[in-house]
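Structure at a glance
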Amino acid sequence: MKRRSLITAAAGAVALGTATSSPAWAQPLGHAPTAPLSVFNVISDIQGDLGDFAVALRDIRATAPHSSGLAVAGDITPRGYDFEYAAVRQVLERGPRPREVAWAIGNHEFYVPKYADPQTLSLATWPNGTTEDSLFRSFHRFAGRGTVYAETTFGGIPVLTIGTERYMHYHDPKLWDEVWLSEAQLRWLEQRLRHWSARRKPVMVIAHHPLPNTVSGTRNKLYATDYLQADALLGLLGRHRDVFLFSGHTHWDLALSDWYVRRVVPGTANLDGFSVINTGAVQTGFADNGQGGESTVPGVFNQGLQVEVHRDRVVIRARDFAAGAWLKQISVPLAATI
């Protein structure tokens, strides 16, 4: 079953501010070479494509041998079965293994209830005896933590993973993959952003679902209403110029011009906005079909990011793992020098 057939698209996006893919102050690379304080990598949407995942790990080791860590922005598995998590773990163990991995939860981690057994799709009998709690327990065991949201550091740079705390079809039969964030998670995010801002550190936020009116695909009706609390989340992130939000889910091609944008949120007193970056995907690429939907990117698709944090800027490079080639890069000045 195609991933797109599982998405319920509702009308009306949250309209908060604007996004631009070519900010005047995000200049092309022109600095004298200096060693970065931290290098790390970001991928998303493995979805069972373990061969391409292994290719990505080898390419990351070759291009960033001293990488501080790997962030995976959700859809770790195709459906969320424990044996699928175990298969991902086996690829990691075979290596080359990242120094540290920060896992975000994605919608595909909740697809077990759609199946009567791993070989039999059975939406008519959803949830097929699967409890919502069991899905979260599987993710927690794999990620080695007890909450969806968590904080780590890559080379001293804070990395916050966020995600849904409910699979909404258990709570509302009209909903499926929409993201629900608890007040506790929003308060935690607010506090951690304020904490690191006071210490003049850029903050890397890893989320599976993209926010509306940001990067590639987010003006498409498929992704207009992914977040049930989009305005609250935008209001928190939009206060901080040195926040970098990495989102997946769309699988949209990093070759597109709006792979990186600045999102300005009215009422936050931050007229420069914050950075939002598309992560591409390991499994299958998509682009706009010109009719409000999507078309598959032909050929082998396997993309991700390399991030270099310097004292005064963050350099983000888009990578084609399959071709072993850089696609593009941008250097984003920091408001506060580290």
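Structure report, in brief. Computed from a predicted structure; not experimentally measured.

For helix α4 (residues 183-198), with 16 residues, the first-to-last C-alpha span of 23 Å sits near the 22 Å given by 1.5 Å per residue. Within the span of α4, buried status applies to Q185, L186, W188, L189, R192, L193 and W196. Projection of α4 onto a plane perpendicular to its axis shows the buried side chains occupying an angular sector of 160°, all on one side. Facing away from the buried surface of α4 by more than 90 degrees, the exposed residues are E183, R187 and A198.

A few words now on the pairing of strand β7 (residues 150-154). The side-chain alternation of β7 yields one buried face, formed by A150, T152 and F154, and one unburied face, formed by E151 and T153. Turn length for the β7-strand β8 (residues 157-161) hairpin, with the two strands adjacent in sequence and antiparallel, is two residues, and the turn residue G155 shows positive phi of about 60°.

Quick look at unusual backbone geometry now. Across residues other than glycine, the phi torsion is negative in most instances, and most of the peptide bonds are trans. Backbone torsion omega between G95 and P96 reads 0°, so that peptide bond is classified as cis. Summarising the element assignment, P96 is placed in the loop between α2 (82-94) and β4 (101-104). Cis rather than trans, the peptide bond between W126 and P127 has omega equal to 10°. On the secondary structure map, P127 appears in the loop between β6 (120-121) and α3 (132-143). Not every positive phi belongs to a glycine, and H251 is a case in point at roughly 65°.

Attention now goes to the environment of D253. Its place among the elements puts D253 in the loop between β10 (243-247) and β11 (260-264). In this structure, the C-alpha to C-alpha distance between D253 and F40, residues 213 residues apart in sequence, is 20 Å. Apart from the residues lying within four places of it in its own chain, the contact partners of D253 are S216, N278, F286, V297, F301 and Q303. Polar side-chain contacts of D253 include one of 2.8 Å to the side chain of Q303.

Here the focus is the side chain of R145. Considering the arrangement of structural elements, one finds R145 in the loop between α3 and β7. Although R145 lies buried, it forms no salt bridge, and the closest oppositely charged side chain, E100, sits 8.8 Å away as judged by the N-O distance. Separated by 2.6 Å, the side chain of R145 and the backbone oxygen of V148 make a polar contact. Side-chain polar atoms of R145 contact the side chain of T161, separated by 3.4 Å.

Definitions and limits used
Residues numbered from 1 in each chain as written. Predicted model: local features only at pLDDT ≥ 70, side-chain atom pairs only at ≥ 80, totals over all residues. Heavy atoms only, no water. Helix = DSSP H or I, 4+ residues; strand = E, 2+ residues; numbered from the N terminus. Expected span 1.5 Å × (residues − 1). Buried < 20%, exposed > 50% of the residue type's maximum accessible area, 1.4 Å probe, protein only. Arc of directions from axis to C-beta. Pairing = 2+ DSSP bridges. Contact = heavy atoms within 4.5 Å. Polar contact = N/O pair within 3.5 Å; in protein donor to acceptor, adjacent residues only side chain to side chain. Lys, Arg positive; Asp, Glu negative; His and termini not counted. Salt bridge = Lys/Arg side-chain N within 4 Å of Asp/Glu carboxyl O.

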